[in-house]
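# Structural overview for review
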Amino acid sequence: GGVCGADAAAPTQIAYIAAGFFFARAEFLTDVPFDPFLPWCFMGEEIALSLRAWTHGWDIYAPRKNLIAHQYRPGRMGLPKFWENTGRVFGRPGPGFNTQLQTISLKRVKHMVGYPDATTEELKKLGATVVLTDFQHYGPGETRTMDEFLKHVNIDVENEKCGNIAWCNN
């Protein structure tokens, strides 16, 4: 966002939905329902939500000026973090529990995005086909393809690289 022009007269198209704060028409939830198989997902939810929205035909826009923000508080202040809540909810505090859930969630996101290490065949080899549960309902849409999305946002999953999105500044 730091390189996008803040003087645009209207919201401009962007690549990703900010999962923590966005607005859409109610039809969005019919087209792109929240994925219940990504519980407590903190890393990966924005690319998954953006990919699903875009492949269902939704374009993503944002104002050019920051109108609202939130602050992450440093751990040294003693305030709980999202990733610490999972263990508390399930009565399993400690560093390992959320990591296990996050690993499964990330496999689902990586499968959705098309990473070579998360293909259906690779998930079968790992015994991780649970990642594919109800994927046909919570995966990409059919209005635009996943490959078109990756080109649109300049992501190369084969080489694990992201490039500059020149159109975002227009």
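Computed from a prediction, not measured in an experiment: that's the story for all the values here.

## A short note on helix H2 (residues 45-55)
In terms of burial, H2 is largely enclosed, as nine of its 11 residues are buried. Among all positions of H2, only Glu45, Ala48, Leu49, Ser50, Leu51, Arg52, Ala53, Trp54 and Thr55 are buried.

## Let's talk about the nonpolar core
Judged by nonpolar contacts, the single largest core of 17 residues is most densely connected at Val113, Phe149, Leu150, Val153 and Val157. For this core, the secondary structure elements donating two or more residues are H2, helix H4 (96-113) and helix H7 (146-152). Once you skip the residues sitting within four places of it in the chain, phenylalanine 149 turns out to touch Ala15, Tyr16, Ile47, Ser50, Leu51, Trp54 and Thr55. In terms of nonpolar packing, the next biggest core, distinct from the first, is built from nine residues, Ile17, Phe28, Leu49 and Ala62 among them.

## Here's the deal with the packing of aromatic side chains
We describe a pair of aromatic rings using the distance from one ring centre to the other and the angle between the two ring planes. Applying the stated criterion to the full structure yields five aromatic pairs. Aromatic side chains phenylalanine 28 and tryptophan 58 sit 5.3 Å apart centroid to centroid with 75° between the ring planes, which places their arrangement in the edge-to-face category. In this pair, phenylalanine 28 is assigned in helix H1 (residues 27-31) and tryptophan 58 in the loop between H2 and strand E2 (61-62), connecting sequence segments 30 residues apart. Given the relative accessible area of 19%, tryptophan 58 is considered buried. Taking 5.9 Å as the distance between ring centres and 65° as the angle between the ring planes, the aromatic pair formed by phenylalanine 37 and tyrosine 138 counts as edge-to-face. Of this pair, phenylalanine 37 sits in the loop between H1 and H2 while tyrosine 138 sits in helix H6 (residues 135-138), placing them 101 residues apart in sequence. Residue phenylalanine 37 is classed as partly exposed on the basis of its relative accessible area of 33%. Taken together, the ring pairs connect Tyr16, Trp54 and Phe149 into an aromatic cluster. For the cation-ring pair, lysine 110 lies above tyrosine 115, with the distance from its terminal atom to the ring centre recorded as 5.2 Å. Across from the ring centre of tryptophan 54, 4.0 Å away, lies the NZ or CZ of arginine 144, which sits over that ring.

## What about the pattern of salt bridges?
Summed over all chains, the structure comprises five salt bridges. In this structure, arginine 108 and aspartate 35 form a salt bridge, with 2.8 Å as the shortest nitrogen-oxygen distance. Here arginine 108, found in helix H4, pairs with aspartate 35, found in the loop between H1 and H2; they are 73 residues apart in sequence, far enough to count as distant. Take arginine 108 and aspartate 35: they sit in the same class, and that class is buried.

Parameters at a glance
Residues numbered from 1 in each chain as written. Predicted model: local features only at pLDDT ≥ 70, side-chain atom pairs only at ≥ 80, totals over all residues. Heavy atoms only, no water. Buried < 20%, exposed > 50% of the residue type's maximum accessible area, 1.4 Å probe, protein only. Helix = DSSP H or I, 4+ residues; strand = E, 2+ residues; numbered from the N terminus. Core = buried A, V, L, I, M, F, W, Y, C linked by side-chain atoms within 4.5 Å. Contact = heavy atoms within 4.5 Å. Phe/Tyr/Trp six-rings, centres within 6.5 Å; stacked < 30°, edge-to-face > 60°. Lys NZ or Arg CZ within 6 Å of the ring centre and 35° of its normal. Salt bridge = Lys/Arg side-chain N within 4 Å of Asp/Glu carboxyl O.

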